[in-house]
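Close look at the chain arrangement
The residues making up each chain are set out below.
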Amino acid sequence: MLHRRTVGDVMTEEVVTLRPGIPIQEVAALLDANDIVAAPVVDDDAPIGVVSASDVLRHETGMPDPQGQHGNDERAWGKARARTAGALMSSPVFTARADWTIPRAARELRRRHVKQLPVVGDDGLHTGIISRSDLLDAFIRSDVEIRSEVEQDVLGRILGLEEGTVAVEVHDGVVTLRGHVPEPRLVPVVVGLCQGIDGVVAVDAHLAATRQG
């Protein structure tokens, strides 16, 4: 099988975490000093919420969400009066698993309308964090990397085709295949395997079978 990169491959492991009782002034200082936009709040190493820079800014203005979400909600006003990370954090916290695929994590970020997700292990304890930028970095691969994986893994290791049987070109993530495969049923197999490679945008196959039927 092809190696599909997972959340565990691209997540940030060294993460600034907050304790529920830390004062908001210290939260702001930590976010600023580490140049980060959010940090998970953990209790006994299990994530219980997230505090973002926008949470801190809203707190400093003494107002709830400026976009009007839950603006009349007592909890929103309570957060505006918060004094600690535990009172200010957004919860419940949505988490990811290290064995998730990159597309699954991307879908979850989009569905939850968040920019990052704490990553937990089987024991529910915090192991890292995955952000939108981490996922973008995973999708952005050089054409040279993609071509090498197509030639070595798909054509060579998986299908066992002789070198030079299929010529591979990659431009801006688009894979172009030209050549021959032993039988017709392998054409969609080659295309499908190439489409499954991280960073591949599309596959343009010009393949003929040396043996028909």
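Residues numbered from 1 in each chain as written. Predicted model: local features only at pLDDT ≥ 70, side-chain atom pairs only at ≥ 80, totals over all residues. Heavy atoms only, no water.

1. With respect to unusual backbone geometry
For the record, the criterion: What counts as a helix is a DSSP run of H or I of at least four residues, what counts as a strand is a run of E of at least two, and both are numbered from the N terminus. We call a residue buried when its accessible area falls under 20% of the maximum for its residue type, exposed when it is over 50%, and partly exposed in between, using a 1.4 Å probe and counting protein chains only.
With an omega dihedral of 0°, the bond running from S91 to P92 counts as a cis peptide bond. Along the chain, P92 falls in the loop between α5 (85-88) and β3 (96-97). At D44, a residue that is not glycine, the phi angle is positive and equals roughly 55°. Topologically, D44 is positioned in the loop between β1 (38-43) and β2 (46-52). Residue classification places D44 among the exposed positions, given a relative accessible area of 63%. For H113, which is not glycine, the phi torsion reads 60° and is therefore positive. Along the polypeptide, H113 turns up in the loop between α6 (102-112) and β4 (116-120).

2. As for the packing of helix α8 (residues 143-158) against helix α9 (residues 186-195)
In helix packing, the relevant descriptors are the interaxial angle and the interaxial distance, both defined with respect to the helix axes. Heads up, the condition is: Angles here are taken between N-to-C directions and fall from 0 to 180 degrees, while the axes themselves are lines fitted to C-alpha atoms, restricted in helices to the stretch in contact. Between 65 and 115 degrees an angle is taken as roughly perpendicular, under 35 as roughly parallel, over 145 as roughly antiparallel, and anywhere else as oblique. Definitions for this section: a left-handed crossing has its near helix turned counterclockwise from the far helix by less than a right angle. A right-handed crossing has that turn clockwise. Contact between two residues is taken to exist if any of their heavy atoms lie within 4.5 Å; hydrogens are not considered.
Two numbers describe how α8 lies on α9: the axes approach to 11 Å, and their chain directions differ by 140°. The orientation of α8 relative to α9 falls into the category oblique. Here the hand of the crossing between α8 and α9 comes out right-handed. Contacts between α8 and α9 involve V150, V154, L155 and I158 from the first element and V190, L193 and C194 from the second.

3. Some thoughts on the nonpolar core
Convention followed: The nonpolar core is taken to be a set of buried Ala, Val, Leu, Ile, Met, Phe, Trp, Tyr and Cys residues, with the residues joined through side-chain atoms within 4.5 Å.
In this structure, V150, L155, V175 and L177 are the most contacted members of the largest nonpolar core, which totals 19 residues. Going through the elements one at a time, α8, β6 (166-171), β7 (174-181), α9 and β8 (202-209) are the ones with two or more residues in this core. Not counting the four nearest positions on each side in its chain, V150 is found in contact with L155, V168, V175, L177, C194 and I197.

4. Digging into the pattern of salt bridges
Rule in force here: For salt bridges, the criterion is a side-chain nitrogen of Lys or Arg within 4 Å of an Asp or Glu carboxyl oxygen.
Considering all chains together, one arrives at ten salt bridges under this definition. Among the salt bridges present, the one from R5 reaches D198, with a minimum N-O distance of 3.7 Å. Remark: D198 occurs in the loop between α9 and β8 and R5 occurs in the segment before α1 (7-10); sequence separation between them is 193 residues. The residue R112 makes a salt bridge to E108 at a minimum N-O spacing of 2.9 Å.

5. With respect to a nonpolar patch on the surface
Under the convention used in this document: Like charges are joined within 9 Å and nonpolar side chains (Val, Leu, Ile, Met, Phe, Trp, Tyr) within 5 Å, but only among residues with over 30% relative accessible area and no salt bridge; these make up the patches. Accessible areas in this description were obtained via Shrake-Rupley with a 1.4 Å probe; residue shielding takes into account the shown protein chains only.
A surface patch of nonpolar side chains, about 310 Å² in accessible area, is lined by L136, F139 and I140. Within the fold, L136 resides in helix α7 (residues 132-139). On the basis of relative accessibility, which here comes to 52%, the residue L136 falls in the exposed class.

6. A closer look at the pairing of strand β5 (residues 126-131)
Each regular strand displays side chains that alternate between the two surfaces of the sheet. Heads up, the rule is: By definition, two strands form a pair when at least two bridges between them are found by DSSP.
Among the six residues of β5, five are classified as buried, and the element is accordingly described as predominantly covered. Across five bridges, the pairing between β4 and β5 is antiparallel. Bridge assignment links L117 to a residue of β5, and that residue is I130. Two successive antiparallel strands, β4 and β5, enclose a turn made up of five residues, where G124 displays a positive phi of approximately 80°.

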